[in-house]
Every structure is written in structure tokens, then in C-alpha cells.
Amino acid sequence: MSLTQHALGALRRHPAFRIAGAYALVAELWILVSDQLLGLLVSDPRTFTRLAMVKGWLFVATTAGLLFFLLHRQFRTLRLRALTLDNSTVGLALVRKHAFVWGNPSMEAILGFRPGQLPGSPTGPLFPDAASPEIRRRLAEGHEGSFELPLRRRDGSLLWCQLQVRTLDPARPLEGSVWSCQDIADRKRTEEALHQAQKLESLGLLAGGIAHDFNNLLAAVLGNPNLAQAALAEE
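Reading the values: the criteria
Residues numbered from 1 in each chain as written. Predicted model: local features only at pLDDT ≥ 70, side-chain atom pairs only at ≥ 80, totals over all residues. Heavy atoms only, no water. Helix = DSSP H or I, 4+ residues; strand = E, 2+ residues; numbered from the N terminus. Buried < 20%, exposed > 50% of the residue type's maximum accessible area, 1.4 Å probe, protein only. Contact = heavy atoms within 4.5 Å. Areas by Shrake-Rupley, 256 points an atom, 1.4 Å probe, with all protein chains shown as cover. Polar contact = N/O pair within 3.5 Å; in protein donor to acceptor, adjacent residues only side chain to side chain. 1 Å grid on protein atoms, 1.4 Å probe; cavity = no way out; pocket = protein on both sides within 12 Å on 5 of 7 lines; lining within 4 Å. Points joined across faces, edges and corners; volume = space filled by probe spheres on them. Nonpolar A, V, L, I, M, F, W, Y, C, P; charged D, E, K, R; others polar. Pairing = 2+ DSSP bridges. Axes fitted to C-alpha atoms, helices over the stretch in contact; angles between N-to-C directions.

Caption draft 1: Looking closely at the overall build of the protein. Per the secondary structure count, the protein includes six helices and five strands. From first element to last, N terminus to C terminus, the protein shows the α and β order α-α-α-β-β-α-α-β-β-β-α. A total of 235 residues make up the protein; the buried ones form 21% of that total. Within the protein, residue pairs in contact and separated by at least 24 positions form 38% of the contacts whose partners lie at least 6 positions apart. Summed over its atoms, the accessible surface of the protein is roughly 17100 Å², and 65% of this surface lies on carbon and sulfur atoms.

Caption draft 2: Focus on the side chain of S106. By the element assignment, S106 lies in helix α4 (residues 105-111). Residue classification places S106 among the buried positions, given a relative accessible area of 14%. Of note is the side chain of S106, whose polar atom sits 2.4 Å from the backbone oxygen of S88. Once residues within four sequence positions are removed from consideration, S106 is found in contact with S88, T89, V90 and G91.

Caption draft 3: The layout of surface pockets, seen in detail. The computed volume of the largest pocket comes to approximately 420 Å³. Surrounding the largest pocket, 13 residues form its lining, I19, Y23, L66, L67 and L70 being those nearest its centre. Of all the elements in the fold, those that place two or more residues in the lining of the largest pocket are α2 (15-41) and α3 (45-86). Sorting elements by how many residues they give to the lining of the largest pocket places α3 first, with eight residues. For the lining of the largest pocket, the per-class residue count stands at 11 nonpolar, two polar and no charged. What the second largest pocket holds in volume is close to 220 Å³. Broken down by secondary-structure element, the contributors of at least two residues to the lining of the second largest pocket are α5 (133-140) and β5 (177-183). The element that contributes the greatest number of residues to the lining of the second largest pocket is α5, accounting for three residues.

Caption draft 4: Looking closely at the sheet that holds strand β1 (residues 91-95). Sheet architecture is open: five strands sit in the order β2-β1-β5-β4-β3, paired in antiparallel fashion. Taken across any chain shown, the strands that pair with only one partner, and hence form the sheet edges, are β2 (100-103) and β3 (145-152). With direction set aside, neighbouring strand axes in the sheet form an average angle of 30 degrees. Relative to strand β4 (residues 158-167), β3 runs antiparallel, the two being bridged by eight bridges. Bridge assignment links E148 to a residue of β4, and that residue is Q162. Where α5 meets the sheet, its contacts fall on β3 and β4, and the angle it forms with β3 comes to roughly 110 degrees.

Here's what the structure looks like:
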């Protein structure tokens, strides 16, 4: 397939191309049919010209109104989507070729960027050397997945995050992917505190078992002299 054919195929698949083609077809049919109908009804050339101009202005006004309605509805939908993304508590970003293209305010806050600084920033510095090599390899190759790992913020500090990666096109993973990121530092601290509490509980149970065994042994040691004394007294 030639480059021209590939480009035409991509245009045909694009919704805007289909809409423009449909509009051009409707406009052409309207001009042809309306002119023929007007020619049958009006024989005077001057009257025909005036009516054709009025017809043309009506067509322009009608299509402009329809276009305004469609664009207004589309822009309203896009605005609501943008507000939803901007106010999400989950960090969201578009990544392409190992660099951020866009990120919502939550993603900027999680990674320590000021508003507007995230686009264009590379993703490589986010991953410290202590991160799992397997995770770093999968992310570098553009694979999808869900990962729990520390990310290096802009100021150099580390923050535990839940990172989910979804590619826009699985056939071309490096062409673009959507990242969602959540701060799980509080959860990690809670898990660490629970782990320490479980360790202390285990140590307490172990110490209690040792003390119990020691008491039994001590009772046996202390009881033997008493038995010996009782035996001597009977003799």
C-alpha cells in the first residue's frame, strides 16, 4: 500500500472526514436539485437570479445554524469531560514516547509539579534505581499493567503510588498510553504499622511461651529438693 493510499484510508476512518464528505454531498445535491426545480418554476432570468441568491443565503443560514448547534453541543460535552478530569482526585496523564503530553492537577500534585510544568517532562526520572527492574522494563517497553512502586517526585522525595497504565493502541504501545496514579503512602504506613504490631504480637506470644516453659522447669527444680527433704524425714 502506498503512502497516499494509507493517508486516504486514515482520512476515511476519521469522523471529521466522513462529516465533511456528507456535507459536501448534501450541498451539491441541494444546489443541483433546487436549481433545476427553480428553472422549471421561473422563466425570467432576473427573477431566477434573485431567487437563486435568496436560496443560497437560506442554505448558508440553515447550515450555519445546524453547525452552531452541533458544535455547541460537542463543546459542552468536551467541557464537562475536561472539568471531570481536572477535578478527579486520581492523577491522570497522557504519555507518549516516554514523555508527558498532558496531566490533570491531581497528577501534577502527586508528582510535585507546578501547574503547567508536567507536559514535556520525561517519565524516566520518576523511577528510582531501587524500583523493581522488571517494572521499569515493562514501563519502558510500553506494556499495560498495575504496579505499586515508589516514584521520585520533582523535589527528589519518594512517594509510594498505585500506577495503572493502559495503552491507546495495543499494537503500538509507545505511541501513547493513559496513566492513572494514586497516592498510597498512607496505606503503606498503615500496613507497615500493622506489620510491626503483628511482629510485636508474635514476640509477645513467643515470650509468653518461653516464660511458661521456664516456670514449669523452675517448678520442677524447686519441687525436687522438697521431695528429697520429705524422703529424708520419713527415713
